[in-house]
Amino acid sequence: MTEVRQVTIIGSGPAGLTAAIYTARANLAPLVLEGEPSSTSDQPGGQLMLTTDVENFPGFPEGIMGPELMMNFRTQAARFGAQIETVKASRVDLSERPFKIWVGDTEAEPTYLSESIIISTGAQSLMLGLENEARLMGYGVSTCATCDGFFFRDQEIAVVGGGDSALEEAGFLTRFASKVTLIVRRDELRASKIMQDRALANDKIEILWNHRVTDVLGESKVASLTLENTQTGEPSSLDVSGMFVAIGHRPNTSLFEGQLDMKDNGYLVVEPGTTRTKIPGVFISGDVQDDYYRQAITAAGSGCMAAIDAERWLEAQHDA
Amino acid sequence: MGDAVTTLSEGSFDEEIAAGDEPVLVDFWAEWCGPCKMIAPVLDEIAGEQVGKLKIAKLNVDEAPEIARRFEVMSIPTLILFKDGEPAKRIVGAKGKAQLLEEIGEFL
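Please read these numbers as outputs of a predicted model, since none were measured by experiment.

Novice: Go over the overall build of chain A with me, naming the residues and quoting the values.
Specialist: Tallying secondary structure elements over chain A gives seven helices and 19 strands in all. The C-alpha atoms of chain A give a radius of gyration of 21 Å, which matches the 20 Å a tight globule of 320 residues would have. Across its three principal directions, the C-alpha atoms of chain A cover 65 × 45 × 35 Å. In chain A, buried positions account for 48% of the 320 residues.

Novice: Account for the sheet that holds strand β13 (residues 205-208) of chain A, with residues named and values stated.
Specialist: All names here are of chain A. Pairing is parallel across the open sheet formed by five strands, whose spatial order is β10-β17-β11-β12-β13. Every interior strand has two partners, whereas the edge strands, β10 (141-142) and β13, have only one. With five bridges connecting them, strand β11 (residues 156-160) and strand β12 (residues 179-183) associate as parallel partners. Its bridge partner being in β12, Ala158 is matched across the sheet by Thr181. Helix α5 (residues 164-173) contacts β11, β12, β13 and β17 (242-245) of the sheet and is inclined by roughly 165° relative to β11.

Novice: Tell me about the domain arrangement of chain A, residues and numbers included.
Specialist: Residues and elements named next belong to chain A. Along its sequence, chain A is organised into domain 1 (4-125 + 249-319) and domain 2 (131-245). Here domain 1 and domain 2 have C-alpha centroids that lie 32 Å from each other. The interface of domain 1 with domain 2 comprises six residues on the first partner and five residues on the second.

Novice: Requested: an account of the interface of chain B and chain A, with residues and values cited.
Specialist: The partner chain A presents 22 residues to the 19 residues of chain B that form the contact. Counting residues per element, the side of chain B that touches chain A draws most heavily on helix α2 (residues 34-49) of chain B, which supplies six residues. Taken together, the residues of the side of chain B that touches chain A sort by class into 13 nonpolar, four polar and two charged.

Novice: Describe the pairing of strand β7 (residues 99-103) of chain A, with residues and values.
Specialist: Residue and element names in this part refer to chain A. In this structure, strand β6 (residues 89-93) lies alongside β7, joined through four bridges in antiparallel fashion. Pairing of Ala89 across the sheet is with Val103, part of β7. As paired elements, β7 and strand β8 (residues 112-119) share three bridges and run antiparallel to each other. Counted as the bridge partner of Phe99 is Ser114 from β8.

Novice: Any chance you could break down the packing of helix α1 (residues 14-25) of chain A against helix α7 (residues 296-319) of chain A for me, citing the residues and the numbers?
Specialist: All names here are of chain A. Direction vectors running N to C along α1 and α7 enclose 40°, while the axes themselves pass 7 Å from each other. One finds that α1 runs oblique with respect to α7. α7 is crossed by α1, and the crossing has right-handed handedness. Contacts between α1 and α7 pair Pro14, Ala15, Gly16, Thr18, Ala19, Tyr22 and Thr23 from the former with Ala296, Ala299, Ala300, Ser302, Gly303, Cys304, Ala306, Ala307, Ile308, Ala310 and Glu311 from the latter. Taken together, the residues of the contact of α1 with α7 sort by class into twelve nonpolar, five polar and one charged.

Conventions adopted
- Residues numbered from 1 in each chain as written.
- Chains lettered and ligands numbered in written order.
- Predicted model: local features only at pLDDT ≥ 70, side-chain atom pairs only at ≥ 80, totals over all residues.
- Helix = DSSP H or I, 4+ residues; strand = E, 2+ residues; numbered from the N terminus.
- Rg over C-alpha atoms; globule rule 2.2 N^0.38 Å.
- Buried ≥ 20, exposed ≤ 12 C-beta atoms within 10 Å, placed from the backbone.
- Pairing = 2+ DSSP bridges.
- Contact = placed C-beta atoms within 7 Å.
- Axes fitted to C-alpha atoms, helices over the stretch in contact; angles between N-to-C directions.
- Domains from an automatic or database assignment.
- Nonpolar A, V, L, I, M, F, W, Y, C, P; charged D, E, K, R; others polar.
- Parallel < 35°, antiparallel > 145°, perpendicular 65-115°, else oblique.
- Left-handed = near helix turned anticlockwise from the far one by under 90°.

Structure follows, in structure tokens:
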């Protein structure tokens, strides 16, 4: 018979690993399903694995590299006895307790059983969804500016998007590229003031307002983009050897469809001010329930809340 | 780092990928690449399990940019499997263990 865990945490970004630190220190021996390696943000460590300097995480006055910060989170969770498995949940059944979790074959016996679950599966970057974008992935189309910027030294490249992540990527890429064209759908940027100021002051960044990408061209690697003016519909072409896309995120919630309440945009819903859900024993933290703040520190904060909610709920169960 | 994974350099690259009968899977990586760090332990594990059937080696693209350019690596991690010294299979992007083994299965 499979052992019944007290707490299982799905996800290993700032939310999941903070929940792991707290539940481990509360002697709940948490199991963390950290996910599988990938070059998207849906991977162990989450979105920060694809960033460079994190300048706004309190406690690091000089900043810290995203992957290093996440390795620190992980080491800290492991130090208190969290069991971290590099696997990805393929199915969960929240219909009765103990909850069931599968890894791999979803028709086999469940891999893990757990009294409570903390869901911290995060969000991942959206792509444009073009056929040629997928074909040229890794050949000029990149999901990871920090991984791939190095290969575009002295070349002209494009970044698609107008939010903070797009501007951060554009700024980072100017360390390598001779020119970065930022392709923005509207005539304004969604990004924060500080990021806008930096981008506008950067000589290597040119902003192409009111344009969207309709195709990515190139035989074996990216050669140019086909663009369309969003106001006039007029097509044009931009010669670049690389395209980095930062147009937003979608939550990783497919495992929970039909089991937990979701907003129209797919984000999971919690009871306001808590991490609780309509299913007792199921708690949610981090970006998977947050389409508004989406910061490492707010994710970590809600991971802590989920751990405390789970701990108190488990105590109440055992007292009953 | 496990001893099972060979560290390549610009100088030793050509010799190492041609040496021996087993295919060589080369991991193009760098210190600043988060996903590269996540697959390093996976490759260590595979190297330990496939001794004699597959050699796993790693090349730091920061230290050997010429070789990365020669094989047109534009994204890391990129894994290239060399058979008889020639590239036979290319895997771009970090993958989990099961998926990696499936992709290189025909060469084992």
